[in-house]
Amino acid sequence: MRVRVLIGSVFWVILSMTSGLQAQNPWQIDVLTTEQGLPFRDIKCLTQDKDEMMWFGTELGLLRYDGYHFKLYNSNPHNPFFIEEENIKGEMLMDSTTNHLWYIANEKLFRLDPSTDKVFSYDKTHNIHGSVLNLMQHQDGSIWIVSDDHKSTTPVGAQQYLQKLTAGQFEIKHRISKDQVDSSRLISDQQGDILWSTPFGSYKFDAEGNLKAEFDLSTFEWYGSELKFNVSFYDSNNTHYFFPQQELGIFTFDENTLQKTQLFKKNIQFYYAIEDHQNHLWFAGDTQLYRMSPEGEFTDYTQQLKTRFEYSKIRDIFIDASQLLWVATDNGIFKIRIGEELFEPLFKSKKEGWGNSMRGIFEDKHGTIFAKCENKNKIVYQTQSGKVDTLPLKLDTQSMEAFKHTANFFVVDDEKKHVFTLGETLMKINLKEGSIQSYDEFHTHVTFKGQNPLLKLRNGKLLFGQSLNQLVLFDPKTETKRFVFSDSETTPSISNFRYFEESRTDSVVWIGTQTEGLLKIHLSGRVENIYTRETTPAISRNCILVIEEDTDGSLWAGTYGGGLNHISADGTRVETYTTAQELSNDNVVGLLLDDKNGLWISTYDGLSHFDKTSRIFQNFYAEDGLSHYEFNYTSFFKDSRGRFYFGGMNGLNSFNPRDISKESVPPKLRLLSAKAYNSKGKVSFIKEYNQTKFTGLELSPYDQYFEIDWTMTSYFQNQKNSFSTTLEGFEEQWFDQGNSTSIRYNQLPAGDYVLKIKGKDSRGVDSASILSIPISVRQIFYKRWWFIALMLGGLIGLFYGFYRYRLTQVLALERLRTKISSDLHDDVGSMLTGLAMQSEMLEMQTNHKIDKNRLHNITTMSRDTISHMRDLVWSIDSRRDTLGDLLERMQELAEEMLLPAEIRYSIEADELNLSKKINLNCKRNLFLIYKEAVTNIVKHSDANEVHIKITKKKAECIFEIKDNGKGENLKQGTGMGLANMKLRCDSMDAKLEFDMENGFGVRVNLPYSV
């Protein structure tokens, strides 16, 4: 037994040491290769602009990368982003003042303005002497280069030049003879001095180019020649590091004493160095990458890089604005998250994946952290000093096997010298020597099929049991027990308990079950409440894995498959949080409250932090430094110092919640471009907003669709970034866009809108702000106010013109009618009157009977013609168009025809507007019907009284003639007069009725008001 314990102790010590030497969790390293869309695998150099876009130099051109899209600049004449030279092998930098990109391609110097994509070249007209070898920007913003004229002169006279850009010209500050090799480097220190490394040694200049010192750092032989070229680097403390090719490794150099000190002895030739925001120094060789801490400790990252992809040469290293280290190689790019380790691994196996599966966690009085390693069936611990060991349990084989399957919950006594758990029975373990006291009377309270929850109450008593009938309270001090529910017959049959949580309310305990939901019990022996999927309010799942009561009395309950439930303090409301609300996983196994109004949630796939104020989740995964993404049930703990522990499938993850919140820097959203297609012109357009100031997007009504592209400059694990959008004025909710960074809308109605975009990075951190894009869709011309006003004006003008035309026609017709009536009356009337008078005179003079009859007929015919003509003249005379004129003419006719026949008449026209005009057709036909009726009455009716009546009834006009004669006499006539009346009524759309009872009557119903 002692041998096994010793071996186990040694194993855990080795495990702890191995864990501490690991360079970095490999998931803290992300990659960008051709598999992730990188167009060219061999990246020579890289930098970043003010908009946080990354720029990569390659032999096949220049690449701009926004995290999702690549923009290629090359010498292809058909490429809209054309550059003169594309073979970029030298340095590349972003001008901090102008945001212009300086780069060397084919040993020529160029400057690119990203806002216009214009490239400016520099050559001998700018006083550059030959090829450009090196490029540097000084702290004061000035540009310095090293040039070489060996291509334009004889080998003997060739020289290298140190030049500074001044007023558009490169001024020579220093020159040296050209050696056989082109080795050269140009850097500046923290004091603004410039170091030029050459084959003849290192030269130190001030900011004006005056030589201050020469250093011989190290000499090496190169094909028979002795060279003094060494790569150098200055850190933020102005410490001079150099990497000799003779001695190899890393040295420091004191420029005052000229003393060299070997800092890192390795047979590695280093070429690049950079310092991060935590003052770690990163050194890169051909294939090696090391990090040196401020304390001088070196960590090798080489193997971590090679586990991600193979490469044979590191080309450059760069740290971006988010403190991400970019390592350019000949086979892609590494992205290494720089930062304090968010999570400290504890009891982690060197084996990746499933290693040491951890369960119950607890602490003794010395602050030592204990946990059960389930797969090894041991209790392991780590002291405050960092010592890792195992606690030897003095159990036989059978008891140890039971311990493996049943012991999941551990609670310490008041003195924190012993821990209680449920093995074969209730056990009390001595934390110093591992001795065990068993309470055999509780064998029946332990099950191999369940989880055996165990809770220590505030009064020191232990609560355990698998059902309400078995639920027992045990006092460790007096070693006495009592059942919570004493009456087994009235106690509900609820069992398979998973978790206990003591309420802040005295004597109240919450119980999570396997299938019966959530119980609230009183320790006096009653069930106060039950929450299931069927109750009101309902919880999301009946399987409860963990419970945490909040300070306000509300309750958090983690479920198996149903996410997180929050029950209000009064028990009337339940809110559910799942992956739909950004919870990392719906299987919740651990809950801890911090002192910043946050809730930490361990799940089967990651660790979540929930801000209870903003209701925002922030998620952490293996790539954030967790020892494993999957966490275990009953494996979480808060120690006496406020550190949190969450155990999973490979050790514990320890952290201080305050430190985690410091690391959460919100990522930035940036608008990239807008695209649209115009159906009228059948053309597409694209507008890049890194080149123009964005003021809003205005669209034509003929733009069939538009597309908005954006990015979020969070480059680490950017495939896990997520975005949501809403179009205000068109949509009423946010829509999840996943990892997509573009959205398209088709045929958007005219109006003003605002497209809003928000994002979350791979940790679930919300973007620093919401991107708001005003969008205006112009109305099509025929729906715009000016066009409608123009059309209304045109229609009004058209109607007015038509009215004027009709008025002119009516007036002309009236004038014509007046003229015709006047001519007929004056000319024809006088002639017919003369004819009638002459006929009457001749009739009176002649004595011949036949002639006398003929002349009488002529006289009668003439008088009848005059009468008809008078009627005709009256009907067409526009001066006689009123209702009063009609009634006057009717009265004249009645006097002419009825009074001579000794027939009395009356005309009624009450409530009529006598001055109202009536149309010609109505006037003429109505009068002729009246005349025909009067004529028939005189000739056939034998009447002595006639009533004529015109009445107005709503939208009708009723014209009636009625006598008191004999209607039968009219039936015997030819009927032509009655037929003519019918025809005249039809022409007026009027209805004609005859009344032959008690005399003769005519009734005309006109369908409009006279």
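Residues numbered from 1 in each chain as written. Predicted model: local features only at pLDDT ≥ 70, side-chain atom pairs only at ≥ 80, totals over all residues. Heavy atoms only, no water.

Within an unreviewed UniProt entry, the label attached to the protein reads Two-component system sensor with a ligand-binding domain protein, and the organism entered is Psychroflexus aurantiacus.

Student: Hey, could you run me through the overall build of the protein in this one?
Tutor: The helix and strand tally for the protein stands at 10 helices and 72 strands. Rg of the C-alpha trace for the protein: 54 Å, well past the compact-globule value of 30 Å for 1010 residues, more than 25% over. Per-residue burial for the protein yields a buried fraction of 51% across its 1010 residues. Total accessible area computed for the protein in this model is approximately 48100 Å², and 50% of it derives from carbon and sulfur atoms. Here the protein contributes 115 positive and 134 negative side-chain charges, whose respective centroids are spaced 3 Å apart. (Helix = DSSP H or I, 4+ residues; strand = E, 2+ residues; numbered from the N terminus. Rg over C-alpha atoms; globule rule 2.2 N^0.38 Å. Buried < 20%, exposed > 50% of the residue type's maximum accessible area, 1.4 Å probe, protein only. Areas by Shrake-Rupley, 256 points an atom, 1.4 Å probe, with all protein chains shown as cover. Lys, Arg positive; Asp, Glu negative; His and termini not counted. Charge placed at Lys NZ, Arg CZ, Asp CG, Glu CD.)

Student: Where do I start with the side chain of Ser-218 in this structure?
Tutor: Turning to its location among the elements, Ser-218 is positioned in the loop between β17 (211-215) and β18 (220-222). Residue classification places Ser-218 among the buried residues on the basis of a relative accessible area of 5%. A polar contact is formed between the side chain of Ser-218 and the side chain of Glu-247, at a distance of 2.8 Å. Beyond its immediate sequence surroundings of up to four residues, Ser-218 is in contact with Leu-227, Lys-228, Asn-230, Phe-242, Pro-244, Gln-246 and Glu-247. (Polar contact = N/O pair within 3.5 Å; in protein donor to acceptor, adjacent residues only side chain to side chain. Contact = heavy atoms within 4.5 Å.)

Student: Sorry if this is basic, but what is going on with the pairing of strand β5 (residues 70-73) here?
Tutor: Sheet faces and side chains relate simply in a regular strand, where the side chains alternate between the two faces. Alternating residues of β5 divide into Lys-71 and Tyr-73, all buried, and Phe-70 and Leu-72, none buried. Relative to β5, strand β4 (residues 61-65) runs antiparallel, the two being bridged by 4 bridges. Each bridged residue has a counterpart across the sheet, and for Arg-64 the counterpart in β5 is Lys-71. Connecting β4 to the antiparallel partner β5 that follows it, the hairpin turn spans 4 residues, and Gly-67 within it adopts a positive phi of roughly 105°. (Pairing = 2+ DSSP bridges.)

Student: Could you clarify how one ought to interpret the environment of Phe-637 in this entry?
Tutor: By the secondary structure assignment, Phe-637 is in strand β56 (residues 631-638). Considered as a pair, Phe-637 and Trp-222 are 415 residues apart in the sequence and their alpha carbons are 62 Å apart.

Student: Just to check I follow, could you spell out the nonpolar core for this structure?
Tutor: Burial of nonpolar side chains together is a common tendency in soluble globular proteins. Judged by nonpolar contacts, the single largest core of 53 residues is most densely connected at Leu-426, Phe-464, Leu-564, Ile-601, Leu-607 and Phe-646. The element contributing the most residues to this core is strand β52 (residues 588-593), with 5 residues. Discounting residues that sit within four places of it in the chain, Leu-426 has contacts with Phe-420, Thr-421, Gln-437, Ser-438, Tyr-439, Phe-442, Leu-462, Phe-464 and Phe-474. Residues Tyr-930, Val-934, Val-946 and Met-988 belong to the second largest nonpolar core, which totals 36 residues. (Core = buried A, V, L, I, M, F, W, Y, C linked by side-chain atoms within 4.5 Å.)

Student: Explain the environment of Ile-361 to me, please; I cannot follow it from the model alone.
Tutor: Within the element layout of this structure, Ile-361 appears in strand β32 (residues 358-363). A residue is classified by how much of its surface remains accessible, and Ile-361, at 6% relative accessible area, is buried. When neighbours within four sequence positions are excluded, Ile-361 is seen to be in contact with Ile-369, Phe-370, Ala-371, Thr-634, Ser-635, Phe-636, Phe-637, Tyr-645, Gly-647 and Leu-652.

Student: Would you mind going over a nonpolar patch on the surface with me for this structure?
Tutor: A cluster of nonpolar side chains, Phe-781, Tyr-782, Trp-785, Trp-786, Leu-790 and Met-791, forms an exposed patch at the surface whose accessible area comes to about 700 Å². Its location among the elements puts Met-791 in helix α5 (residues 785-845). Here Met-791 falls in the partly exposed class, since its relative accessible area comes to 41%. (Patch = residues over 30% accessible without salt bridge, like charges linked within 9 Å, V, L, I, M, F, W, Y side chains within 5 Å. Salt bridge = Lys/Arg side-chain N within 4 Å of Asp/Glu carboxyl O.)

Student: Could you clarify how one ought to interpret the side chain of Ser-503 in this entry?
Tutor: In this structure, Ser-503 sits in the loop between β44 (497-502) and β45 (508-513). Take Ser-503: its relative accessible area is 3%, and that puts it in the buried class. Those residues in contact with Ser-503 that lie beyond four places of it in its chain are Arg-458, Val-508, Val-509, Trp-510 and Glu-549.

Student: Honestly, the packing of aromatic side chains in this entry has me stumped. Any pointers?
Tutor: Each aromatic ring pair is characterised by the separation of its centres together with the angle its planes make. Inspection of every chain in the model, using the stated rule, returns 67 aromatic pairs. An angle of 35° between the planes, with centres 5.8 Å apart, marks the rings of Tyr-65 and Tyr-715 as tilted. Remark: Tyr-715 occurs in the loop between β62 (703-712) and β63 (722-728) and Tyr-65 occurs in strand β4; sequence separation between them is 650 residues. Both residues of the pair, Tyr-65 and Tyr-715, count as buried. Between the aromatic rings of Tyr-577 and Phe-610, the centroid separation amounts to 4.9 Å while the plane-to-plane angle is 55°, which identifies the pairing as tilted. In this pair, Tyr-577 sits in strand β51 (residues 574-577) while Phe-610 sits in strand β54 (residues 606-611), placing the two residues 33 residues apart along the sequence. Taken as a pair, Tyr-577 and Phe-610 share a single burial class, namely buried. Three or more aromatic residues joined by ring pairs form one cluster here, namely Phe-233, Tyr-241, Phe-243, Phe-264, Phe-270, Phe-283, Tyr-290 and Phe-298. One residue, Lys-372, lies across the ring of Phe-403, its end atom 5.1 Å from the ring centre. Over the ring of Tyr-633 we find Arg-498, and its NZ or CZ is 4.6 Å from the ring centre. (Phe/Tyr/Trp six-rings, centres within 6.5 Å; stacked < 30°, edge-to-face > 60°. Lys NZ or Arg CZ within 6 Å of the ring centre and 35° of its normal.)

Student: Can you help me understand the sheet that holds strand β60 (residues 683-688) in this one?
Tutor: Sheet strands pair by backbone hydrogen bonding; their relative direction is either parallel or antiparallel. Strand order in the open sheet formed by 4 strands is β60-β59-β62-β65, and the pairing between neighbours is antiparallel. The strands lining the two open edges of the sheet, one partner per strand, are β60 and β65 (742-746). Each strand of the sheet is rotated relative to its neighbour by a mean of 15°, with strand direction disregarded. (Axes fitted to C-alpha atoms, helices over the stretch in contact; angles between N-to-C directions.)

Student: Got a minute to help me understand helix α7 (residues 883-897) in this structure?
Tutor: Side chains that are three or four residues apart share a direction in an α-helix, a result of its 3.6 residues per turn. When the terminal C-alpha atoms of α7 are compared, their 21 Å separation across 15 residues agrees well with the 21 Å that a helix rising 1.5 Å per residue should span. Taken together, the buried positions of α7 are Leu-883, Gly-884, Asp-885, Leu-886, Leu-887, Arg-889, Met-890, Leu-893 and Ala-894. (Expected span 1.5 Å × (residues − 1).)

Student: What's the story with the pattern of salt bridges in this structure? I'm lost.
Tutor: For side chains bearing opposite charge, pairing can occur when the charged atoms are close. Using the criterion set out here, one finds 45 salt bridges in the structure. Between Lys-44 and Glu-59 there is a salt bridge; the shortest N-O distance is 3.2 Å. In this pair, Lys-44 is assigned in the loop between β1 (29-32) and β2 (45-48) and Glu-59 in the loop between β3 (54-58) and β4, connecting sequence segments 15 residues apart. The exposure class of Lys-44 is buried, given its relative accessible area of 11%.

Student: In this structure, what is going on with helix α8 (residues 920-941)? I would like to understand it.
Tutor: Spanning 22 residues, α8 covers 30 Å between terminal C-alpha atoms, matching the ideal 32 Å at 1.5 Å per step. Phi for Asp-942, located one or two positions after α8, is positive at around 60°.

Student: Help me understand the sheet that holds β1 in this model?
Tutor: Strand order in this open sheet of 4 strands is β1-β30-β29-β28, and the pairing throughout is antiparallel. Of all strands in the sheet, those bounded by a partner on one side alone are β1 and β28 (314-319). In this sheet, neighbouring strand axes are inclined to one another by 20° on average, regardless of whether the strands run parallel or antiparallel. Pairing of β28 with strand β29 (residues 324-329), which is carried by 5 bridges, proceeds in the antiparallel orientation. Within β29, the position partnered with Asp-316 by the bridge is Ala-328.

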